[in-house]
Amino acid sequence: MMIHSLGLPPSDAEVDAWLAVLTAAAAADQPQLPAPSRGEVAGRLCVPPARGRPVLWAADGGAGIAALVLFMDESNTHTAFLDVLTVRPQERRRGVGTALWERAREELLAQGRTSVAALVDLGGPGQAFAESLGFENVLPMAWYEQELPADGPARFPATPGYELLTWHGLVPDTWAPAAAAAHGAMEDAPSGDMDERSPVWTAQWLHAMQQVIIDRGGEPITVAAVTAAGEVAAYTELVLPDPSGRRGVQYDTVVTPGHRGHGLGRAVKLRMAAEAAGRYPALRRIATTVADENTPMRAVNEALGYRRERDAGIFQLKL
């Protein structure tokens, strides 16, 4: 099985071939989910992530694809993330996945990485393949999904002492330092035994992460609960990889330690759902992942109508 590296950015033909593999695999493994759009796939392939250097491979004949992200921030140069390793259904059990993995492993060792992680859905071919390589589930979680009501939520909870603000695209410069400080509160979120460490959040880093989403053709939206003193007490982020699509992805939802117990998590998520439904009429569902041990966020999501859609986990391998 011949495996070749893709250039950065890949050609239009390479993007089309990549999309074809993802579409075929999704139809077989996750038929309940919308197929990936070409714009979303092209954006992810052509615009590198803020956190690291991507390396892309494809098997001859469009049999399979793999993408590795080598983290470049100082706290994570020992590890990496296997973003994609997908084989067409009709090409499985023929050594394609193993050949792709061997190329990724060679790159990891050449770059001095001592571990690699991947987000894997449970119960499918991805889990079986990962476990056969020695990956272990170090952070059990699940995908949750909320269906947006056509007319939005009936009412919003009161948030005395806080104002709810919505930012489309980049967080405004005046609020970016406070928003970055609030992102730092994610450090106490469950992380299992993951080797990856949270980056140091600054206004510049926050903008860099959001700019990648924009450059890929998507739109980030932030709803924040702020105080008169200029703090971001809570926030939630929604990313629309394809603003014309039917599905968005909820990223972080955080309430900072000094402001917990006031219902702010529920408030920002309700406001986000209303904002998104009003601005994007095609949007029908919001998906998010929550660690199984994150009981408070699971309770908030359940109260808002999120349903557990499928089990997943961060699988990690020590090299």
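The sections below set out a description of the structure shown in this document. Every value quoted in this text rests on a predicted model; they were computed, and no experiment measured them.

## Structural notes on the environment of alanine 208
- Among the structural elements, alanine 208 can be located in helix H6 (residues 203-215).
- Residue alanine 208 is classed as partly exposed on the basis of its relative accessible area of 29%.
- Considered as a pair, alanine 208 and proline 49 are 159 residues apart in the sequence and their alpha carbons are 9.2 Å apart.

## Here we look at the pairing of strand E8 (residues 219-226)
- Taken across its eight residues, E8 has eight buried, putting it largely inside the fold.
- Here E8 shows a buried face lined by Glu219, Ile221, Val223 and Ala225 and a second buried face lined by Pro220, Thr222, Ala224 and Val226.
- Strand direction decides the pairing type here: strand E7 (residues 163-168) and E8, joined by six bridges, are antiparallel. Along E8, the bridge assignment pairs histidine 168 with isoleucine 221.
- As defined by bridge partners, E8 adjoins strand E9 (residues 232-240) across eight bridges and the pair is classed as antiparallel. Paired with threonine 222 across the two strands is glutamate 237, which belongs to E9.

## Focus on unusual backbone geometry
- Look at the link from leucine 8 to proline 9: it is a cis peptide, with omega at 0 degrees.
- Relative to the helices and strands, proline 9 resides in the loop between strand E1 (3-5) and helix H1 (12-29).
- The backbone of arginine 93 sits at a positive phi, close to 65 degrees, despite the residue not being glycine.
- Following the sequence through the fold, arginine 93 ends up in the loop between strand E4 (80-87) and helix H3 (96-110).

## Some details on H6
- The first and last C-alpha atoms of H6 sit 18 Å apart over 13 residues, in line with the 18 Å expected at 1.5 Å per residue.
- Within the span of H6, buried status applies to Ala203, Trp205, Leu206, His207, Gln210, Val212 and Ile213.
- Looking at the buried positions of H6, the neighbouring elements they touch are helix H5 (176-183), E8, E9 and strand E10 (247-255).
- Immediately beyond the C-terminal end of H6, within one or two residues, lies glycine 217, with a positive phi of roughly 95 degrees.

Conventions adopted
- Residues numbered from 1 in each chain as written.
- Predicted model: local features only at pLDDT ≥ 70, side-chain atom pairs only at ≥ 80, totals over all residues.
- Heavy atoms only, no water.
- Helix = DSSP H or I, 4+ residues; strand = E, 2+ residues; numbered from the N terminus.
- Buried < 20%, exposed > 50% of the residue type's maximum accessible area, 1.4 Å probe, protein only.
- Pairing = 2+ DSSP bridges.
- Expected span 1.5 Å × (residues − 1).
- Contact = heavy atoms within 4.5 Å.

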